[in-house]
Each structure stands twice: as C-alpha cells, then as structure tokens.
Amino acid sequence: MEHEHEHGNHEHHQHHQGHGEHQAHGGQEAHAGHGAHAGHAPGGKVSWVMAARATLHCLTGCAIGEVLGMIVGTALGWGNVATMVLAIILAFFFGYALTLRGILAAGVDFRSAVRVALAADTLSIAVMELVDNGVIALWPGAMDAHLSEPLFWTVLAISLAVAFVLTTPVNKWMIGRGKGHAVVHQYHH
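Notes on the structure follow. What you see is a predicted model; the values in this text were computed from it and never measured.

**Brief notes about the packing of helix α2 (residues 48-75) against helix α5 (residues 150-176)**
Part 1 of the argument: The contact between α2 and α5 brings their axes to 8 Å, and the two run at 140°. Between α2 and α5 lies a crossing whose hand is right-handed. Of α5, the residues touching α2 (which contributes Trp48, Met50, Ala51, Ala52, Ala54, Thr55, Leu56, Leu59, Ala63, Glu66, Val67 and Met70) are Phe152, Trp153, Leu156, Leu160, Phe164, Thr167, Thr168, Pro169, Asn171, Lys172 and Ile175.

**Points about the packing of aromatic side chains**
Part 1 of the argument: One pass over the full model with this rule turns up three aromatic pairs.
Part 2 of the argument: Where phenylalanine 92 meets tyrosine 96, the ring centres are 5.9 Å apart and the plane angle is 50°; that geometry is what we call tilted. Of this pair, phenylalanine 92 and tyrosine 96 both sit in helix α3 (residues 80-105), four residues apart, which is roughly one turn of that helix.
Part 3 of the argument: On the basis of relative accessibility, which here comes to 21%, the residue phenylalanine 92 falls in the partly exposed class.
Part 4 of the argument: Look at tyrosine 96 and you get buried, because its relative accessible area is 17%.
Part 5 of the argument: For the ring pair phenylalanine 152 and tryptophan 153, a centre distance of 4.8 Å and an interplane angle of 90° mean the geometry is edge-to-face.
Part 6 of the argument: Given the relative accessible area of 8%, phenylalanine 152 is considered buried.
Part 7 of the argument: In this structure, lysine 172 is placed above the aromatic ring of tryptophan 48, and the distance from its NZ or CZ to the ring centre is 4.9 Å.

**Focus: the nonpolar core**
Part 1 of the argument: Ranked by size, the top nonpolar core spans 25 residues in total, and within it Met128 and Ile136 carry the most contacts.
Part 2 of the argument: Those elements that place two or more of their residues in this core are α2, α3, α4 (110-138) and α5.
Part 3 of the argument: The leading source of residues in this core is α4, at seven residues.

Rules behind the numbers
Residues numbered from 1 in each chain as written. Predicted model: local features only at pLDDT ≥ 70, side-chain atom pairs only at ≥ 80, totals over all residues. Heavy atoms only, no water. Axes fitted to C-alpha atoms, helices over the stretch in contact; angles between N-to-C directions. Helix = DSSP H or I, 4+ residues; strand = E, 2+ residues; numbered from the N terminus. Left-handed = near helix turned anticlockwise from the far one by under 90°. Contact = heavy atoms within 4.5 Å. Phe/Tyr/Trp six-rings, centres within 6.5 Å; stacked < 30°, edge-to-face > 60°. Buried < 20%, exposed > 50% of the residue type's maximum accessible area, 1.4 Å probe, protein only. Lys NZ or Arg CZ within 6 Å of the ring centre and 35° of its normal. Core = buried A, V, L, I, M, F, W, Y, C linked by side-chain atoms within 4.5 Å.

On their own, these measurements won't tell you what the molecule is for.
Right under this line is the structure:
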C-alpha cells in the first residue's frame, strides 16, 4: 500500500511538472503544433535546416555589425586593429539586437529578453567572429583593402560564408542540447 501511495504521488508530481512547462509558454493557446518543436528538446534530433536558420540569424547581425564597423572605422581614419575591434563589438550588438527584437515582440520583459539573447547567441556569434575575422586577417592584402575595392567585399563575403559553414555545426550541437536558439524558439510561436 505504501508503494502505491508513493507511485500515486510520483504521477501527481509528473503531472504538475508538465503543467509548469505548459505555463512557461506564457499561457499561449498555440500548443496544437507543439510536436514540431521536438528538435529543441535536449537529446532530440536537430535538423541541419534548423541549425542553418539559427546560424543565418546570427550571420545577419554579424554582417550588419562587421560592415558598419568597417565603414565607421574607415571613415574616421582608424587603423586596422581599432576598426576590427569596433566591427566585432557591433557584430555582437546587432546579433543580440535581432534576437532581442523577436523576444520582446513575444511580450517578454527586457531583462529576461536580454538573458535569453545572451544565452542564445554568445557562443554562435563568438565562433562566427573568430572565423570571420581570422579569414580577413590571414587573407593577403584584405586588412589593407579599402571599402571601394572589390578585394574588401570579396574577402568579406568569403569570410562570412566560411563562418556560416563552420558555425552551423556548433548551433546544431547547441540546439540538440536545448541551448542556443532552442531557448529563443519557445518565444516564436
């Protein structure tokens, strides 16, 4: 009898845990298609398409920041290192800003949205920036190319493409563990 009582409490506990997960979605009614989110559960199967979308999201913010940083640094006559630092700072800023925009639109308070964006994008943007700037730094003549030269835009495009290819597996791994853009996705119903 004692065993049955414990089992009954266990089922009751599981029921409340499931209820808490349901409430964590902000009381949204759009749960009918929740099975489509199975790829975000830790240990769940994550498609390469899902990882590529998350990476493309980060890449967009990084590209905006990179280009703006290069334009501002060049316009102000800054050297290569200062311009690259500005570009990296702006890449992080715009990467986080794009994520924040979506989370805030879902009605999440600013402080919580910032935490979600930091958790979702930091590793992805860091890997992307390391690869992207590494390609630019190592490409002969790229650091000294001006915005008006085709070499600047060609190397930038190649560096972003390489960063995309190398960051996508990182995002796939993170989403498969319930981290990265898996955290953001719950707000995109």
